[in-house]
Amino acid sequence: MAENFADLGKNEALRRLYEGSPFVQGAPAAHKLFLEGIDFNLVYFPLKHLGHKAVTAVTGELLAQMQHPESLSVVLGVSSKLDYPQVEELWGGIVAAAKEYGYKKVDFDLQPSQNGLCISLAASGQRLKLTEVRRPKAHSKDLLCVSGRLGAAYLGMRVMERELERFNKGESDRKEMEQYRMQVGAYLKPELDASIVSRLEDAEIIPSAGVLITHGLADAVKRISAETGLGAKVYADRIPFEGNSFELGRKLDLDPISAAMNGGEDYQLLFSVPILYLEKFRRDFQTFDIIGHLAQEDVGTVLVTPEGVELPLRAQGWKDEDENDMEQE
């Protein structure tokens, strides 16, 4: 029986496709594609916030690799339902974010679209030669450090979808959106520290690896593990959350830990930092949380519960580790 993508997983599919070609799979390029109806809903997503969020998403890939943003290219596929003022509003968000993140060049183009709004972005940056030279090899016990709270964006998206359902029924009161504005804001307008690369360079703290959290923490940890060839342990009681996320989770019948591990769209940075920088990192980068560490390869990637139980991480696009173990046997 032919394998489908649901069973195979995106990453395993890519590995097999490259295996049959004369090429080597490189690091992911800094590019993003946002599609209306899949990645955003224009009924409740302000266009200016959408433009800002799209640029943040692609820029985060550069920052994770310790690159200074240089050039940004944006192509909008515009459907007939959008008028010029709306495109201008979207462009305003793009420009604001490009200025914030320090891009020196921005290219912009418009194309027609028959299937709603489409936003395609590609970004390039530059890494200092000294940073390249100083970048350490990853080792077991390197600290896993995250730049902000997790799970909030997914919870915020669920709040927006619930409010839309109420609005369609004529029951909207917007109280829940105000009560959980931090989660809603995390979804609509995620923020990254534009100075983080320069600050790390100035502190002479060069991460051994880094990724942008886009599809949940589990996926990001697995990418760090694949990049370094090491295992990883994440401690559930060290994952940072917004203060009322567990209250909101109970309302939505959703575990905030699950939202953090697999919810997606947090757009936070995950770095592995050599443990010798522990005290300096804690002192100078207090907005980061240390949530775990790299481990020996045979550990795999696991979530450690407060009781000390180690649960294998599972993420969309990845084959389960226990399945990989059975295949190797």
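For the structure itself, consult the block above.
Residues numbered from 1 in each chain as written. Predicted model: local features only at pLDDT ≥ 70, side-chain atom pairs only at ≥ 80, totals over all residues. Heavy atoms only, no water.

1. Notes on the pairing of strand 4 (residues 118–126)
Part 1: Alignment of strand 1 (residues 31–35) against strand 4, held across five bridges, turns out to be antiparallel. In the sheet register, Leu35 faces strand 4, and the bridge partner there is Cys118.
Part 2: Where strand 2 (residues 68–78) lies against strand 4, nine bridges are found, and the strand directions are antiparallel. Among the inter-strand pairings, Leu76 is bridged to a residue of strand 4, identified as Ile119. (Pairing = 2+ DSSP bridges. Helix = DSSP H or I, 4+ residues; strand = E, 2+ residues; numbered from the N terminus.)

2. Structural notes on helix 9 (residues 196–203)
Part 1: What helix 9 keeps buried is the set Ile196, Val197, Leu200, Glu201 and Ala203. An end-on view of helix 9 places all buried positions within 165° of arc, on one side of the element.
Part 2: In the core, the buried residues of helix 9 are packed alongside helix 3 (47–64), strand 2, helix 5 (129–134), strand 8 (268–273) and helix 13 (278–284).
Part 3: Positive phi shows up at Glu204, right after helix 9, with a value of about 60°. (Buried < 20%, exposed > 50% of the residue type's maximum accessible area, 1.4 Å probe, protein only. Arc of directions from axis to C-beta. Contact = heavy atoms within 4.5 Å.)

3. Observations regarding a nonpolar patch on the surface
Part 1: On the surface, Leu14, Leu17, Tyr18 and Phe23 cluster together into a nonpolar patch covering about 410 Å² of accessible area.
Part 2: Mapped onto the elements of the fold, Leu17 is located in helix 2 (residues 10–19).
Part 3: Look at Leu17 and you get exposed, because its relative accessible area is 60%. (Patch = residues over 30% accessible without salt bridge, like charges linked within 9 Å, V, L, I, M, F, W, Y side chains within 5 Å. Areas by Shrake-Rupley, 256 points an atom, 1.4 Å probe, with all protein chains shown as cover. Salt bridge = Lys/Arg side-chain N within 4 Å of Asp/Glu carboxyl O.)

4. Comments concerning the layout of surface pockets
Part 1: Roughly 280 Å³ of internal volume is contained in the second largest pocket.
Part 2: Along the walls of the second largest pocket sit 13 residues, with Ala186, Pro190, Glu191, Glu242 and Gln268 positioned nearest its centre.
Part 3: Sorting the residues of the lining of the second largest pocket by element identifies helix 6 (152–168) and helix 8 (181–188) as the ones contributing at least two each.
Part 4: Sorting elements by how many residues they give to the lining of the second largest pocket places helix 8 first, with three residues.
Part 5: Taken together, the residues that form the lining of the second largest pocket break down as five nonpolar, three polar and five charged. (1 Å grid on protein atoms, 1.4 Å probe; cavity = no way out; pocket = protein on both sides within 12 Å on 5 of 7 lines; lining within 4 Å. Points joined across faces, edges and corners; volume = space filled by probe spheres on them. Nonpolar A, V, L, I, M, F, W, Y, C, P; charged D, E, K, R; others polar.)

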